[in-house]
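Chain residues, written in single-letter form:
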Amino acid sequence: MKQEFYNISLCNRNSFHVEQQAERLVEFTSEADLREIFAAGLPERWMVFSGGNNILFTQDYRGLLLTPVADRIEILSEEGDRVRVRVEAGLEWDDLVAWAVEHELWGLENLSLIPGKVGAAPVQNIGAYGSEAKDCLLEVECFLPGEGEGGVVRTFSREECRFGYRESIFKQELKGRAIILAVTFALSRTAQPNIGYGDVAREVEARGGATLKNIREAICSIRRSKLPDTAVLGNAGSFFKNPVVDLRKSEELKSIYPEMPTYPSAEGPERVKLAAGWLIDRAGLKGYREGRVGVHDRQALVLVNHGGATGSEVISLARKVQQQVLEKFGVEIDTEVNNF
Ligand code: EPU
């Protein structure tokens, strides 16, 4: 059953806690709800608004926001050690990870505690600690309201989703056209620990070894120590993406800053991923504060609302950060968060 709201405050529905309103917001549970909503044709302006964790409003939204709330988890099949699980878009991502760990299913544990809902995971191919949503994702079911007779349901395979670093077809061709209904994952009964990133192995060993529960706890503890809790301090996780630069540029910077972290890029050996957090930190901006907004003091990739800030204040700080990183290192950093 859908629930409908008019001129509703978004303050408690976006993790930055900026005070803006939406003209209309509908919480939907099914394809039937969507068909009903779109029966009269496409509204002039609409978009999916899921957990509000990766979005920054700089003005009121004059249009329709659609929020998925269906949250069932269903085991579709078990073959050997492979378990196919279909999850509806409205489930909190971390509730899915907790469920998988409880059921001794491997694959999602490194993505513990990422804020947001399951339906948002494929959009930017969420990732952390050496894993990405795409690694065990099989397919994504979508409703495309602008196609066929009042909309069609289409299923996209992992290949069709064209995943990349914080990238997918849902941010490109399907942007503004697809509403994700459910995501199917292939999880594993066989242990496959992936603890090579940063401090993960050390934290896992300190808990007694690479069990699913220990890995989840280690990841949660690392995240809690670096990333601010949105309930206390408004933020949207990483505000910037890690930049991918030419090998030549990376070597040039390495010769000046030998301690600069670098990571291989999925784009091939001629490209190198840099750590935007390190660049911002070394530009002297970690903990920097400008009025009601600031750069987090434990992770420079995160911009925070110290209370009562507007989206525009956050944007103006973001521009300053981009500008200073460009001046100091000659590297452009793009935002990960969507602005409206
Ligand atoms: N670093 C600093 N100073 C900082 C932040 C980072 O020197 O203020 C250095 C770290 O010491 C490390 C390197 O930069 O050597 C990378 O930092 P970290 O491992 O903390 O990860 P990240 O690259 O800053 C990415 C994701 C995070 C994810 C972590 C862990 C992006 C944009 N961010 O951050 O994702 O949790 O890796 O895997 O790719 C998010 O997307 O919202 C998010 C939090």
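Just so you know, these numbers come straight off a predicted model, no measurement behind them.

> For unusual backbone geometry, give the residues involved together with the corresponding values.
Non-glycine residue Asn-7 carries a positive phi angle of around 45°. Counting through the fold element by element, Asn-7 comes out in strand E1 (residues 3-9). Its identity is not glycine, yet Glu-104 carries a phi of approximately 60°, on the positive side. Among the structural elements, Glu-104 can be located in the loop between helix H2 (93-102) and strand E8 (127-128). Residue Glu-104 is classed as partly exposed on the basis of its relative accessible area of 48%.

> Can you tell me about the packing of H2 against helix H5 (residues 212-226), naming the residues and giving the values?
The geometry of H2 relative to H5 is characterised by a closest axis approach of 9 Å and an angle of 155° between their N-to-C directions. Overall, the two elements H2 and H5 adopt an arrangement that is roughly antiparallel. Between H2 and H5, the contacting residues are Asp-94, Val-97, Ala-98, Ala-100 and Val-101 on the first element and Leu-212, Lys-213 and Arg-216 on the second. Looking at the contact of H2 with H5 residue by residue, the class counts come to five nonpolar, no polar and three charged.

> Describe in detail the nonpolar core, supporting the description with residues and values.
Residues Trp-93, Leu-96, Leu-108, Phe-170 and Phe-185 are the most contacted members of the largest nonpolar core, which totals 46 residues. Taken together, the elements giving at least two residues each to this core come down to strand E7 (82-88), H2, strand E10 (137-144), strand E12 (179-188), helix H4 (200-206) and H5. The biggest single contributor to this core is H2, with six residues. In this structure, Trp-93 is in contact with Leu-108, Leu-111, Ile-114, Gly-116, Lys-117, Val-118, Ala-121, Ile-126 and Phe-185, ignoring residues within four places of it in sequence. Among the nonpolar cores identified, the runner-up in size contains 45 residues, and Ile-8, Phe-239, Tyr-257 and Ala-276 belong to it.

> Talk me through the packing of aromatic side chains; I want residue IDs and the actual numbers.
Applying the stated criterion to the full structure yields 14 aromatic pairs. Summarising the aromatic geometry, the rings of Phe-38 and Phe-143 are spaced 6.4 Å apart at their centres and angled 35° between planes, so their arrangement reads as tilted. In this pair, Phe-38 is assigned in helix H1 (residues 31-38) and Phe-143 in strand E10, connecting sequence segments 105 residues apart. Each member of the pair, Phe-38 as well as Phe-143, is classed as buried. For the pair Tyr-257 and Trp-278, a centre-to-centre distance of 5.9 Å together with 75° between the ring planes defines the contact as edge-to-face. Placement of the pair is Tyr-257 in the loop between helix H6 (247-256) and strand E15 (262-264) and Trp-278 in helix H7 (residues 276-282), with a sequence separation of 21 residues. When sorted by exposure, Tyr-257 lands in the same class as Trp-278, which is buried. Cluster of aromatic residues (ring-pair linked, three or more members): Phe-49, Phe-57, Tyr-61 and Phe-340.

> Describe the site of the ligand, listing the residues and the values that go with them.
Tyr-129, Tyr-165, Arg-166, Tyr-197 and Asp-281 are the nearest of the 24 residues found near the ligand. Taking Arg-166, its side chain carries an N or O atom lying 2.7 Å from an oxygen atom of the ligand. At 2.9 Å, a side-chain N or O of Asn-242 approaches an oxygen atom of the ligand. When the ligand sits alone it has 810 Å² of accessible area, and the protein chains cover 82% of it. Where the shell around the ligand is concerned, the elements lending two or more residues are E8, H5, strand E13 (234-238) and H7.

> Describe H1, with residues and values.
All of the buried residues along H1 are Asp-33, Leu-34, Ile-37 and Phe-38. The arc enclosing the buried residues of H1, seen along the axis, measures out at 120°, which places them on a common side. Relative to its buried face, H1 has exposed residues pointing more than 90 degrees away, namely Ala-32 and Glu-36. The inward-facing, buried residues of H1 abut strand E2 (21-28), strand E3 (46-48), strand E5 (61-68), E10 and E12.

Cut-offs used in this document
- Residues numbered from 1 in each chain as written.
- Predicted model: local features only at pLDDT ≥ 70, side-chain atom pairs only at ≥ 80, totals over all residues.
- Heavy atoms only, no water.
- Helix = DSSP H or I, 4+ residues; strand = E, 2+ residues; numbered from the N terminus.
- Buried < 20%, exposed > 50% of the residue type's maximum accessible area, 1.4 Å probe, protein only.
- Axes fitted to C-alpha atoms, helices over the stretch in contact; angles between N-to-C directions.
- Parallel < 35°, antiparallel > 145°, perpendicular 65-115°, else oblique.
- Contact = heavy atoms within 4.5 Å.
- Nonpolar A, V, L, I, M, F, W, Y, C, P; charged D, E, K, R; others polar.
- Core = buried A, V, L, I, M, F, W, Y, C linked by side-chain atoms within 4.5 Å.
- Phe/Tyr/Trp six-rings, centres within 6.5 Å; stacked < 30°, edge-to-face > 60°.
- Near = heavy atom within 4 Å.
- Polar contact = N/O pair within 3.5 Å; in protein donor to acceptor, adjacent residues only side chain to side chain.
- Areas by Shrake-Rupley, 256 points an atom, 1.4 Å probe, with all protein chains shown as cover.
- Arc of directions from axis to C-beta.

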